[in-house]
Amino acid sequence: MDRPIVALVLAGGTGTRLFPASRSSRPKQFLSFDGDQSLLSATVSRADFADHVVVSTRPAFADQIADHAPDADVVVEPAAKDTGPALVYATHRIAALYDDPLVVVLPSDHHVGDGFSEDIARGARVAADTDSLVAFGIDPTRPDTGYGYIEPGTDRGDYRSLVAFHEKPDEETATRYVERGYLWNAGMFAWTPDALFSAARDSPLEPLVDALDDGDPQAGFEAVESVSIDYAVMERATDAAVVPVHFEWDDLGSWDALARILTPDDDGNVALGDDPTFVDAADNVVATDGANVSLVGVSDLAVVSWDDEVLVVPKADAQRVREVVAKLKADGRF
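A brief report on the enclosed structure follows. (Residues numbered from 1 in each chain as written. Predicted model: local features only at pLDDT ≥ 70, side-chain atom pairs only at ≥ 80, totals over all residues. Heavy atoms only, no water.)

### A closer look at the packing of aromatic side chains
Rules: Ring geometry is summarised as follows: Phe, Tyr and Trp rings, the Trp one being its six-membered ring, pair when their centres sit within 6.5 Å, and such pairs are stacked at plane angles under 30 degrees, edge-to-face over 60 and tilted between the two. Only DSSP runs of H or I covering at least 4 residues are called helices, and only runs of E covering at least 2 are called strands; the numbering of each starts at the N terminus. Three labels apply to residues, based on accessible area from a 1.4 Å probe with only protein chains included: buried if under 20% of the type maximum, exposed if over 50%, partly exposed otherwise in between.
Across all of its chains, the model carries eleven aromatic pairs by this definition. Where F49 meets F116, the ring centres are 6.2 Å apart and the plane angle is 65°; that geometry is what we call edge-to-face. Here F49 is found in the loop between α1 (39-45) and β2 (52-57), whereas its partner F116 is found in helix α4 (residues 116-130), with 67 residues between them in sequence. There is no split in this pair, since F49 and F116 are both buried.

This is the structure we're talking about:
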């Protein structure tokens, strides 16, 4: 492909479901789950398919990006308003920085396996050849209520037509989606700037596109609400494709994910940080930055001790940690 591929890494979120390790001053993209690279560093490292890497973040985190991605360009969004405004703004900046680029969007909180670069490069070629908005769809390994789903349509070789996006389902619906061959929506995309801007002009983000063309991004952000790229653009797009990918994948967005990426003991317990003590305990997740944690006679829990905070939650309810954060934010404690 003649045009340069730019990996656009999203690193502006906080990661509320990974509280208490993730805090307002220490977002999840700066955390490490393997004792080596941070999530952001690992994401940038695996973007070897790209000619350039750009990290998009919010002002509060901008000064820390160089510690994790020293060779990447950094785009600082004027305000934190979810992925819709962030991606339109960052794509607009990329179009000004590079000649005729192809943009590939990578969240900075994923775990991936072999074959990642090849599959993503294939999706980039589809975006370039078809001028469509491309979503990457993951083969589901289980019915999961924590992910959105993509309904694929006609098989066109390297990609399929995109019929519809489906919001996070209940257990019964998730099972039905998997049986029907739906794919997980991983939040990874590929597009040309022109394709994105054309679709965004027919969306709630139109005032932002106009303001960016006028050279006034601040006014553009003030003119739009917080909205995800899925809802604002992808779900409305009339010319979208899905590229099925087949590498191992997990979203490291909540504590139960550690049970799927760390090696368990004989009783199914996994630990991040110092070794905990387990007595008659099974299928638990423990994460700590130094405290000695002991579990007795319990199962299927996530127990997290970080800084001066302790979290205990059933693994099945790990998504509800955001409710704790909402209470802490209301009290000015997050």
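### Some thoughts on the nonpolar core
For clarity, the cut-off: Throughout this description, the term nonpolar core refers to a set of buried Ala, Val, Leu, Ile, Met, Phe, Trp, Tyr and Cys residues connected via side-chain atoms within 4.5 Å. Any two residues whose heavy atoms approach within 4.5 Å are treated as being in contact.
Grouped together as the largest cluster of nonpolar side chains are 45 residues, with contacts concentrated most on F49, V55, V104, M188, F247 and W249. Looking at this core, the element that brings in the most residues is α4, giving seven residues. Apart from the residues within four sequence positions on either side, V104 is in contact with I5, V6, A7, L8, F49, I120, A124, F189 and A190. A90, A195, F197 and V227 belong to the second largest nonpolar core, which has 39 residues in total.

### Looking at the layout of surface pockets
Rule in force here: Each cavity reported here is a set of points on a 1 Å grid over the protein atoms alone in which a 1.4 Å probe fits but cannot get out, each pocket an open set with protein on both sides within 12 Å along at least five of seven lines, and each lining residue one with an atom within 4 Å of a point. Grid points are joined across faces, edges and corners, and a volume is the space filled by probe spheres set on the points. Note on residue classes: Ala, Val, Leu, Ile, Met, Phe, Trp, Tyr, Cys and Pro are nonpolar, Asp, Glu, Lys and Arg are charged, and everything else, Gly too, is polar.
What the largest pocket holds in volume is close to 1,300 Å³. Lining the largest pocket are 43 residues, and of these R17, D82, T83, D109 and S228 sit closest to its centre. Taken together, the elements giving at least two residues each to the lining of the largest pocket come down to α3 (83-97), β8 (160-166), β9 (183-191), α9 (229-232), β11 (249-251) and α11 (321-330). Examining the composition of the lining of the largest pocket, we find that four residues originate from one element, β9, more than from any other. Looking at side-chain class alone, the lining of the largest pocket contains 14 nonpolar, 15 polar and 14 charged residues. Of the voids in this model, the second largest pocket is the one considered here, and its volume is about 330 Å³. Across the lining of the second largest pocket, the residue classes break down as four nonpolar, four polar and ten charged.

### A few points about the packing of α3 against helix α6 (residues 193-200)
As a reminder, the rule being used: Angles shown run from 0 to 180 degrees and are taken between the N-to-C directions of axes, each axis being a line fitted to C-alpha atoms and, for helices, limited to the stretch in contact. The hand of a helix crossing depends on one turn: near helix anticlockwise from the far one by less than a right angle means left-handed, and clockwise means right-handed.
α6 packs onto α3 with a crossing angle of 140° between their chain directions and a minimal axis gap of 10 Å. Judged by the twist between their axes, the crossing of α3 over α6 is left-handed. Residues L87, V88, T91, H92 and A95 of α3 lie in contact with α6, whose contacting residues are P193, L196, F197 and A200. Looking at side-chain class alone, the contact of α3 with α6 contains seven nonpolar, two polar and no charged residues.

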